[in-house]
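The lines below spell out each chain.
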Amino acid sequence: MNAHEPDPDAARLPDAALLSPSPEILATAVTGEDSSLADQQQEKKAATPRGVSLKRLRRDRRAMVCLGIIVLFVLITLCGPLIYQHVGNVYNSPLNGPLSPDSYHSFTHQELNRTDEGPSAQYWLGTDALGRDLLARLMQGMLISLSVSVIVEIVDLALGITIGVLAGYYGGGIDQFLARFTDIIFAFSGLLFVILLTGIFGTQADVTLGKLPLIGANGNARLLLVSFALAFTTWPTMARYVRGQTLQLKQQQFIEAARTMGTSDFRVIIRHIIPNLFSIVIVASTLNMVHTIIGEAGISLLGLGVQPPGSSIGLMISDGMTYLSTHPWEALLPSAVLAIIVLVFSFLGDGLRDAFDPRSKD
């Protein structure tokens, strides 16, 4: 080869050098920094306001502990009686003969020769003045309180969201009707209305509703009546919350864009309005359950709620107050359980409010 002729391989060296990765690129490929940065960017893009709020809620230890206690109470009320009624041996009662655990661990069974006993291997929390198992009655009372709160919230959400969204979205006559109706409801005491309703129709409800298979004649027939009365006094508050939020949402640009594209009002409400009500609805529902549980206990404490031989926390407190000087645990035990339930729901509601508040910072 002539010395003056260019070497073809040498001519291609600059191109090869351009194609070869730099040391920084090789280091990045080895350490995977680019991939981690990409993953972080994807996570930031994928984060939604609701996801951020739930993450903030999970970091709230007090709220998570309260949520765990609520789950524990629900498990106790649902599974506790089924387990408790299979624990123990056959008991030879002097008054009732041989009894299996499902009999003497029933919340309605009376063992009159074993009244006002303390905790024992047979009766874990003792018995009341009629020889009834306090633990069985307490689990039944917790079930009544939680059931009433769930029934009330179902009615509260159904009516509150429906009427609140329609009033806030359309306005006009619907909005005026809601305003006047809520004014009437707020003008009267909700507890007074419940007392009047249960006092007037309570006896008739015991006879009529006691024939239902799921209710039965065990004194729980007024459960539905009390739930209806409490729901009637609570849903206007939820409707006002929803109405105010809807008025703000319908002014947002994405709602205007959906209308401009020809989206029907029904689809706008279902796909855009209601999903954005999640935060205010869940917080209001949690805090409202506190008032419902207290209201049901107060009605039963006055003797207008669940009737004997049924059981509720308020009824247990009322029965135990008679023997407060001699057997204080009969009143203090259900009172303590009621206080714990109210506190955990209140703290959980506060945690939800802080988590879903857009002004909160991580």
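Please refer to the structure placed before this passage.
Since the model is a prediction, treat every value here as computed from it, not as a measurement.

Enquirer: Give me the lowdown on the overall build of the protein, citing residues and values where you can.
Expert: A count of helices and strands for the protein gives 15 helices and two strands. Taken across its 362 residues, the protein has 38% of its residues classed as buried. Restricting the contact set of the protein to residue pairs at least 6 apart, pairs at least 24 apart contribute 65%. Accessible surface computed for the protein: about 20300 Å², of which carbon and sulfur atoms make up 65%.

Enquirer: Report on the nonpolar core, specifying residues and quantitative values.
Expert: Considering soluble globular proteins, one finds that nonpolar side chains tend to be buried as a cluster. Formed by 27 residues in total, the largest nonpolar core has its most connected members in Met142, Ile313, Leu338, Ile341 and Phe345. Looking at this core, the elements with two or more residues in it are helix H5 (61–84), helix H7 (134–170), helix H13 (278–301), helix H14 (313–321) and helix H15 (329–355). Here the element with the most residues in this core is H15; it accounts for nine residues. For Ile341, the residues in contact, after removing those within four places along its chain, are Phe73, Met142, Ile293 and Ile313.

Enquirer: Please give an account of H13 that cites residues and values.
Expert: In this model H13 runs 34 Å from its N-terminal to its C-terminal C-alpha over 24 residues, within 8% of the 34 Å that 1.5 Å per residue would give. Of the residues flanking the end of H13, it is Gly303, one or two places downstream, whose phi is positive at about 85°.

Enquirer: An account of the pattern of salt bridges is needed here, citing residue identities and associated values.
Expert: Scanning the model with the defined rule gives seven salt bridges in all. Its salt-bridge partner being Arg114, residue Glu117 comes within 2.9 Å of it at the nearest N-O pair. One continuous salt-bridge network, built from bridges that share partners, spans Asp128, Arg132, Arg137 and Asp319.

Enquirer: Could you give me a rundown of the layout of surface pockets, with the residues and numbers involved?
Expert: Each pocket or cavity is described by its volume, and for the largest pocket that value is around 1200 Å³. Along its surface, the largest pocket is lined by 46 residues, and Tyr241, Ser279, Ile280, Val283 and Ala284 are the ones closest to its centre. Of all elements in the fold, only helix H4 (49–58), helix H8 (172–187), helix H9 (190–208), helix H10 (222–249), H13 and H15 reach the threshold of two or more residues within the lining of the largest pocket. Per-element tally for the lining of the largest pocket: the top contributor is H13, with ten residues. Along the lines of polarity and charge, the residues of the lining of the largest pocket split into 27 nonpolar, 13 polar and six charged.

Enquirer: Got a sec to walk through empty space enclosed by the protein? Specific residues and values, please.
Expert: By the definition in use, this model includes two cavities of 30 Å³ or more. Taken together, Asp128, Leu134, Arg137, Met316, Asp319, Gly320 and Glu330 make up the full set of residues lining the largest cavity. Only H7 and H14 provide two or more residues apiece to the lining of the largest cavity. Within the lining of the largest cavity, the residues separate by chemical class into two nonpolar, one polar and four charged. Counted as a void, the second largest cavity has a volume near 30 Å³. For the second largest cavity, the full set of lining residues is Ile144, Val148, Arg222, Leu223, Val226, Glu296, Ser300, Gly305 and Val306. Tallied by class, the residues present in the lining of the second largest cavity amount to five nonpolar, two polar and two charged.

Definitions and cut-offs
Residues numbered from 1 in each chain as written. Predicted model: local features only at pLDDT ≥ 70, side-chain atom pairs only at ≥ 80, totals over all residues. Heavy atoms only, no water. Helix = DSSP H or I, 4+ residues; strand = E, 2+ residues; numbered from the N terminus. Buried < 20%, exposed > 50% of the residue type's maximum accessible area, 1.4 Å probe, protein only. Contact = heavy atoms within 4.5 Å. Areas by Shrake-Rupley, 256 points an atom, 1.4 Å probe, with all protein chains shown as cover. Core = buried A, V, L, I, M, F, W, Y, C linked by side-chain atoms within 4.5 Å. Expected span 1.5 Å × (residues − 1). Salt bridge = Lys/Arg side-chain N within 4 Å of Asp/Glu carboxyl O. 1 Å grid on protein atoms, 1.4 Å probe; cavity = no way out; pocket = protein on both sides within 12 Å on 5 of 7 lines; lining within 4 Å. Points joined across faces, edges and corners; volume = space filled by probe spheres on them. Nonpolar A, V, L, I, M, F, W, Y, C, P; charged D, E, K, R; others polar.

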